[in-house]
Number of protein chains: 2
Amino acid sequence: MTLRVGVIGAGQLARMMTPAAVELDIDLRVFAEAAGASASLVTTVVGDHVDAEQVLAFARDVDVITFDHEHVPQTVLARLEADGVAVRPGPAALRHAQDKLVMRRRVAELGLGQPDWAAASDAAGVAAFLAAHGGRAIVKTPRGGYDGHGVRLVTAADQVADWLADDVLAAVGGELLLEEAVDFRRELSQQIARRPSGQTALWPLVASEQVDGVCAEVIAPAPDTTPAVAEQAARIAMTLAERLDVTGVLAVELFETPDGRVLVNELAMRPHNSGHWNVDGTVTGQFEQHLRAVLDLPLGATDPIAPCTVMVNVLGGHDGVEHESDLRAALAAVPEAKVHWYGKTYRPGRKVGHVNVSGDDPAQVRARARQAARLLGSEVVDRLSV
Amino acid sequence: MTLRVGVIGAGQLARMMTPAAVELDIDLRVFAEAAGASASLVTTVVGDHVDAEQVLAFARDVDVITFDHEHVPQTVLARLEADGVAVRPGPAALRHAQDKLVMRRRVAELGLGQPDWAAASDAAGVAAFLAAHGGRAIVKTPRGGYDGHGVRLVTAADQVADWLADDVLAAVGGELLLEEAVDFRRELSQQIARRPSGQTALWPLVASEQVDGVCAEVIAPAPDTTPAVAEQAARIAMTLAERLDVTGVLAVELFETPDGRVLVNELAMRPHNSGHWNVDGTVTGQFEQHLRAVLDLPLGATDPIAPCTVMVNVLGGHDGVEHESDLRAALAAVPEAKVHWYGKTYRPGRKVGHVNVSGDDPAQVRARARQAARLLGSEVVDRLSV
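Predicted model, so just to flag it, every value in this text is computed and none were measured. (Residues numbered from 1 in each chain as written. Chains lettered and ligands numbered in written order. Predicted model: local features only at pLDDT ≥ 70, side-chain atom pairs only at ≥ 80, totals over all residues. Heavy atoms only, no water.)

### Observations concerning the pairing of strand β12 (residues 214-220) of chain A
Residues and elements named next belong to chain A. When you tally the buried positions in β12, you get seven out of seven residues, the bulk of the element. Note that strand β11 (residues 206-211) and β12 share five bridges and pair antiparallel. Paired with V211 across the bridge in β12 is V214. Taking the residues that link successive antiparallel strands as the turn, the β11-β12 hairpin has two residues, and the phi of D212 there is positive, at about 55 degrees. Inspection of the sheet shows β12 paired to strand β15 (residues 308-315) by four bridges, in the antiparallel sense. Within the sheet, the bridge partner assigned to E217 lies in β15 and is V312. (Buried < 20%, exposed > 50% of the residue type's maximum accessible area, 1.4 Å probe, protein only. Helix = DSSP H or I, 4+ residues; strand = E, 2+ residues; numbered from the N terminus. Pairing = 2+ DSSP bridges.)

Written out as structure tokens, the structure is:
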């Protein structure tokens, strides 16, 4: 009997589960919002993921339901569980990736490092937090944000007046999340996989760089990392995976402060952009590991296959004949590049693919990965730090 | 515009082109002999590959036609070319992989090493060759053989009387191929990829072990290889790829003799069992490279990612619930194993999957790969040499 996994959402994360599913002979089925999505090859149903009946009908033919995104409402997830569907990660875990205030409260309870934060539902609350934090704060909508959407650096309460309007506030969770604008040395990401039966596997800690709130580059392992920082990152990820009962892959985005503290920034309970490097850079990539984890199969080794791997996103780029010409140029110039393309049409700044390069020398590997991404038309490479 | 590749044949080789096609956003379409084949995920047409009209209709919607096997008749290939279809490898090259006598004659013309050989169309011819070669010979049907089918070690002409019957002889090419039974030290395989524009890329030379004529294990790189042997193997593969105008991936199966000569055994002009190791063991695996080559895209780097990779085939094994239990056991015991499963039902001795393991120590890597294959139910592991 072939194992069957149903994925809600048909973006590039569902798409990139396909190769691993083919190799392990897992029957992968995808519930897409629309025809022609990135994971169209394995799309079996086009429907609305907030419609419990549609999702339930899809779920009845698979062994386990998992996700390409965090947007399936708790009401729908509860219906699935009530109907006996295996949902991984489960609704109780997933809440912490769906609602940033729920996550902040839980991280506080667990005693893990995080930025100063507060909840506010009016301008006075925002103003008070600003006054207590040097006049600057990161304001986030607790629900519905992604890739920099729903995140603003503000210096005055009126900069989030639109979010404080009653209807908008209700839609994003009833309160806004206010966070200290952390003066970080760099951003890190620690990925871990966890099975229902409890086995966990950590990947090496990586450093990531965002541009306009979108992940642009990941360096693995994170260079010049002290043992204390690596230990904190691993402990945070392990604690969250176990205490939140996460199943599947969890990415914990972190800040490293200049004084060596490690603070929780965001959580994602699915394969994540900060883990794309490990598909080519470690024995078991995040898509294969996610499928193994949600099926409660034994996890694969996460050892790196090279001293360094760098992932650079292609944001923007070209369509059609221009893309083919870009691809030829990139493959010719960087024969060691692993190009991953999502089959998405061009829009300015849209994630359309990424490149991995592995090797011995971090500076050279990074230069080669950036060269390939630049040739593929990425609009962001020249805005990365040197 | 997405690049489109059409594959004739829907076995595991077509199936394993899928992951590379997904990552490079190549539109892969497969012409299958029957529904439910190994490459069913990307099957777009079910038809008969000896029917020129059916193949032509399939070919009109792709940029290039390539193959999962060598069984498409020259008459059909000629029709495709006459119709302007890009066929890679082309019919003139493919003849050498379709007919072993055509191959032997060409290898002789090129002055490359090979076993003593002759053609015979009657018992007297077979008897004469036996008498001249110590009473033993390998007899092959020039056409239609695979995995040990159409190959016999004989000591008397009457052991191939069935093949010498008029109708059988006509079906396999009109003559039989007689070859010296080479007293080889070991079997080697040299893979190379070549683009229509001429670029070539060699993978490291590997050693393979056959059981009952079927590839059972591959060790990469071939251990204890002298520079002279490696140089001969590379030169043979390069010469054949260029002089036969091969496009795509070419596997040259070789004998290494005790006195260090390298002799051509067989050719395959497609991804090949002896190259499965390089999917996990090198930067660019054979399926990705084949797609790049037939599309005339720049070839990828073929550097190994570890000092040693071993591939062990799973021949036989189990179906259904027993398979799932085997899979759990193998993944748990060998977390560094890369399991590739073909989605085929069990038959005794049938190739149903393979395992790759990479690492530093060849003896340990081989033991781990064999352990995983054994747990997956392979019927052949215990018959491999120690």
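### Considering the interface of chain B and chain A
Facing the 39 residues of chain B at the interface are 39 residues of chain A. Note on chain B versus chain A: buried area summed over both sides is about 3,500 Å², and carbon and sulfur give 58% of it. When residues of chain B are sorted by the area they lose upon contact with chain A, V22, E23 and R328 of chain B head the list and together hold 17% of the total. Where chain B packs against chain A, one counts four salt bridges. For D25 of chain B, the salt bridge is made with R15 of chain A, and the minimal N-O distance between the two is 3.0 Å. For the pair chain B and chain A, the interface holds 18 residue pairs in polar contact (both at pLDDT 80 or more). Among the elements of the structure, α1 (12-24), α11 (286-294), α12 (320-333) and β16 (338-341) of chain B are those that each provide at least two residues to the side of chain B that touches chain A. Taken together, the residues of the side of chain B that touches chain A break down into 22 nonpolar, six polar and 11 charged. (Contact = heavy atoms within 4.5 Å. Buried area = accessible area lost by both parts, 1.4 Å probe. Salt bridge = Lys/Arg side-chain N within 4 Å of Asp/Glu carboxyl O. Polar contact = N/O pair within 3.5 Å; in protein donor to acceptor, adjacent residues only side chain to side chain. Nonpolar A, V, L, I, M, F, W, Y, C, P; charged D, E, K, R; others polar.)

### Remarks on the environment of K344 of chain B
Within the secondary structure layout, K344 of chain B lies in the loop between β16 and β17 (351-359). Excluding residues that lie within four positions of it along the chain, K344 of chain B makes contacts with Q12, S38, D319, R350, K351 and V352 of chain B.

### Notes on the packing of helix α3 (residues 74-82) of chain B against helix α4 (residues 91-98) of chain B
Residue and element names in this part refer to chain B. Between α3 and α4, the least distance of the axes is 10 Å, while the angle of their chain directions is 165 degrees. As judged from the angle between their axes, α3 and α4 are roughly antiparallel. Of the two possible hands of crossing, α3 and α4 adopt the one that is right-handed. Seen from α3, the contacting residues are Q74, L77 and E81; seen from α4, they are P91, L94, R95 and Q98. (Axes fitted to C-alpha atoms, helices over the stretch in contact; angles between N-to-C directions. Parallel < 35°, antiparallel > 145°, perpendicular 65-115°, else oblique. Left-handed = near helix turned anticlockwise from the far one by under 90°.)

### What to know about the packing of aromatic side chains
All names here are of chain A. Applying the stated criterion to the full structure yields four aromatic pairs over all chains. Ring centres 4.8 Å apart and planes at 15 degrees place the aromatic pair F184 and F255 in the stacked group. Taken together, the residues F184 in the loop between β8 (176-179) and β9 (186-194) and F255 in strand β13 (residues 248-256) connect sequence positions 71 residues apart. Residue F255 is classed as buried on the basis of its relative accessible area, which comes to 8%. Just above the ring of W163 sits the side chain of R152; from NZ or CZ to the centre is 4.0 Å. (Phe/Tyr/Trp six-rings, centres within 6.5 Å; stacked < 30°, edge-to-face > 60°. Lys NZ or Arg CZ within 6 Å of the ring centre and 35° of its normal.)

By themselves these figures say nothing about function.
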